[in-house]
Amino acid sequence: NTIPPVNFIEFSSFVEMFKGPTGETTSQNIIHIKDILKEETYDVYDYRKLVSHFSNISEVISKKGKNAFVIEIPVLRQDERLSKHAFFGTHMKFLWHKNQSIRTTLKVYCDGKPITEKIKFQHPLAENGSFSFVSRSAMCPTVVDYILQRASNPEDSKPLSFILQIQDNAVQQTLLSVAVIITTEGNGQKYLFPDVPRVPMGEVPGTPSLLPVPSPPAQAFSIPPLHQSVECMPKLEPTY
């Protein structure tokens, strides 16, 4: 069974723009993940490709399991020109059967290197016999700058990806890990998380060298250092 143990409803990155003098606010999704995690799959993602997007993947997700997946998702077409004065945010919702706090972690990578991390402790809301966890928050400036750069010059933009993890805060058990790779075209696709090779591929004749190895040093004027923010959520964040 390749259905995750939590009922994942949706995740979206979006932009909201205010139009004056009418006061109208428009909202567009940049990426939207909804039903794909509920689909059955037997396809395993290639570990070489995975490492190219997440240089430290073996440290973040140490082994495969029924709760670890890889998703390729395309950027949605934008109907309007994005403005740097707009509100860029993320929205996530999932259901669980336990009435207790949940820890969610979002790690963002650019060109295979980690650039930012956000940790939240969320509390449940009763919903139809289950418990829902809903979050809505602003994107970090580094990711916003990347989106604006990609919108203005898509040919020169570096690949962006992120890892979403949901953890049972009481017993420190990971309920769901999703490595999301953002593509420029195609349809969304779900894969099983691959095994980490026991023998480095470079030791097998005719095969390229394969991580895990230490992450390469950051290049000057390329990707800023990792930033981390921790937010506690005793209640839902206000709607903008």
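Residues numbered from 1 in each chain as written. Predicted model: local features only at pLDDT ≥ 70, side-chain atom pairs only at ≥ 80, totals over all residues. Heavy atoms only, no water.

1. Focus: the overall build of the protein
Consideration 1: For the protein, the helix and strand inventory stands at three helices and twelve strands.
Consideration 2: Looking at the protein as a whole, 47% of its 240 residues are labelled buried.
Consideration 3: Here the analysis covers contacts within the protein between residues at least 6 apart in sequence; of these, 76% occur between residues at least 24 apart.
Consideration 4: Carbon and sulfur atoms make up 52% of the accessible area of the protein, which amounts to about 13,200 Å² in all. (Helix = DSSP H or I, 4+ residues; strand = E, 2+ residues; numbered from the N terminus. Buried < 20%, exposed > 50% of the residue type's maximum accessible area, 1.4 Å probe, protein only. Contact = heavy atoms within 4.5 Å. Areas by Shrake-Rupley, 256 points an atom, 1.4 Å probe, with all protein chains shown as cover.)

2. With respect to the sheet that holds strand β1 (residues 7-19)
Consideration 1: The strand order β2-β1-β4-β8-β7 describes an open sheet built from five strands, whose pairing is antiparallel. Each having just a single partner strand, β2 (24-33) and β7 (125-127) make up the two edges of the open sheet. For this sheet, the mean angle separating the axes of adjacent strands, direction not counted, is 30 degrees.
Consideration 2: Across three bridges, the pairing between β7 and strand β8 (residues 130-138) is antiparallel. Across the sheet, Ala126 pairs through a bridge with Phe131, a residue of β8. (Pairing = 2+ DSSP bridges. Axes fitted to C-alpha atoms, helices over the stretch in contact; angles between N-to-C directions.)

3. Quick look at the confidence of the model for the protein
Consideration 1: When pLDDT is averaged along the protein, the result is 79; 78% of the residues meet or exceed 70.
Consideration 2: Low pLDDT, under 50, characterises residues 201-226; the stretch is placed with 39 contacts to residues that sit more than four places away or in other chains. (pLDDT = per-residue confidence, 0-100.)

4. Some remarks on the packing of aromatic side chains
Consideration 1: Within this structure, the stated rule accounts for five aromatic pairs.
Consideration 2: For the pair Phe14 and Phe87, a centre-to-centre distance of 6.0 Å together with 45 degrees between the ring planes defines the contact as tilted. Of this pair, Phe14 sits in strand β1 while Phe87 is found in strand β4 (residues 87-96), placing the two residues 73 residues apart along the sequence.
Consideration 3: Phe14 sits in the buried class, given a relative accessible area of 5%.
Consideration 4: Taking the relative accessible area as the measure of exposure, Phe87 reaches 19% and is therefore buried.
Consideration 5: Arranged with centres 5.1 Å apart and planes meeting at 10 degrees, the rings of Phe94 and Phe133 form a pair that is stacked. In this pair, Phe94 sits in strand β4 while Phe133 sits in strand β8, placing the two residues 39 residues apart along the sequence.
Consideration 6: The exposure class assigned to Phe133 is buried, which follows from its relative accessible area of 0%.
Consideration 7: Here the basic side chain of Lys190 rests over the ring of Phe69, its NZ or CZ set 4.4 Å away from the ring centre. (Phe/Tyr/Trp six-rings, centres within 6.5 Å; stacked < 30°, edge-to-face > 60°. Lys NZ or Arg CZ within 6 Å of the ring centre and 35° of its normal.)

5. With respect to the pairing of β2
Consideration 1: Relative to β2, β1 runs antiparallel, the two being bridged by nine bridges. Directly across from Phe14, in β2, lies its bridge partner Asn29.
Consideration 2: What sits between β1 and β2 in their antiparallel hairpin is a turn of four residues, with Gly23 showing a positive phi close to 80 degrees.

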